[in-house]
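# Structural features, examined
Spelled out from the first residue to the last, the chains are:
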Amino acid sequence: MNMPFSQQHNLLPKERSEAQNHKSSDDDIAAITIDTGGKILECNKTASRLLEYDFNKKSWPHISKFIPQLAEMTLLTGESINPKLRFLSRIGHHFDVIAMNGLRFASKLYFIDIDRFGEHNLRLIIVPTPQN
């Protein structure tokens, strides 16, 4: 994961090492920025392709459209990522992701606190897990 050092401090040592050693560009990583309520604010091309969704539309959906487990979950507690989400992310929990074409696949999710235009938001990195 190529990400600014300021965002890497939120990662565990192993994740930070993987982020620093990743030789490819940010566009190889499926990254979505969501607000504290879960509404998608930004999406890179890789995430758009992965989810088969045209994020150039004017109305962007809630993240639960693609990751149903996040529908009823509070994303933030105060100014920090929900401890349960942070825990699930760090232990490598597999979240069910559903693309617009109906394709379902398991993925690891990484949540990163970011400030975007003076507002607290979350960057969500989606890492599909290999199928056996």
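The rules we used
Residues numbered from 1 in each chain as written. Predicted model: local features only at pLDDT ≥ 70, side-chain atom pairs only at ≥ 80, totals over all residues. Heavy atoms only, no water. Helix = DSSP H or I, 4+ residues; strand = E, 2+ residues; numbered from the N terminus. Buried < 20%, exposed > 50% of the residue type's maximum accessible area, 1.4 Å probe, protein only. Pairing = 2+ DSSP bridges. Axes fitted to C-alpha atoms, helices over the stretch in contact; angles between N-to-C directions. Contact = heavy atoms within 4.5 Å. Salt bridge = Lys/Arg side-chain N within 4 Å of Asp/Glu carboxyl O. Core = buried A, V, L, I, M, F, W, Y, C linked by side-chain atoms within 4.5 Å.

Before going further, it helps to examine unusual backbone geometry. We note that glutamate 52 has phi near 50°; this positive angle belongs to a residue other than glycine. Tracing the backbone shows glutamate 52 in the loop between α3 (45–51) and β3 (76–77). Taking relative accessible area as the criterion, glutamate 52 reaches 48% and is therefore assigned partly exposed.

On to the sheet that holds strand β5 (residues 95–98). Read from one edge to the other, the open sheet built from 5 strands follows the order β2-β1-β7-β6-β5, with strand pairing classed as antiparallel. Looking at which strands have only one partner, the edges of the open sheet turn out to be β2 (40–43) and β5. For this sheet the average axis-to-axis angle between neighbouring strands, irrespective of direction, equals 40°. Pairing of strand β1 (residues 30–34) with strand β7 (residues 119–128), which is carried by 5 bridges, proceeds in the antiparallel orientation. Within β7, the residue paired with isoleucine 32 across the bridge is leucine 124. On top of the sheet, helix α4 (residues 83–90) reaches β5 and β6 (104–116); it is set at about 125° to β6, its chief contact.

Time to look at the environment of glycine 38. Looking at the element boundaries, glycine 38 is found in the loop between β1 and β2. Distance from glycine 38 to histidine 62, taken between C-alpha atoms, is 5.4 Å for residues 24 residues apart in sequence. When neighbours within four sequence positions are excluded, glycine 38 is seen to be in contact with Pro61, His62, Ile63 and Leu75.

Moving on, we get to the pattern of salt bridges. Applying the stated criterion to the full structure yields 2 salt bridges. When the shortest N-O distance is used, the salt bridge between aspartate 113 and arginine 86 registers 3.4 Å. Of this pair, aspartate 113 sits in strand β6 while arginine 86 sits in helix α4, and the two are 27 residues apart along the sequence. This pair shows no difference in class: aspartate 113 is buried, exactly as arginine 86 is.

This paragraph deals with the nonpolar core. Residues Ile32, Ile67 and Leu70 are the most contacted members of the largest nonpolar core, which totals 29 residues. Taken together, the elements giving at least two residues each to this core come down to β1, β2, α3, α4, β5, β6 and β7. Here isoleucine 67 is in contact with Phe95, Asp96, Val97, Leu109, Leu124 and Ile126, once residues within four sequence places are set aside. Of all hydrophobic cores here, the second largest spans 6 residues; its members include Ile29, Ala31, Tyr110 and Ile112.

Interpretation note: all reported values are geometric properties and have no functional meaning in isolation.
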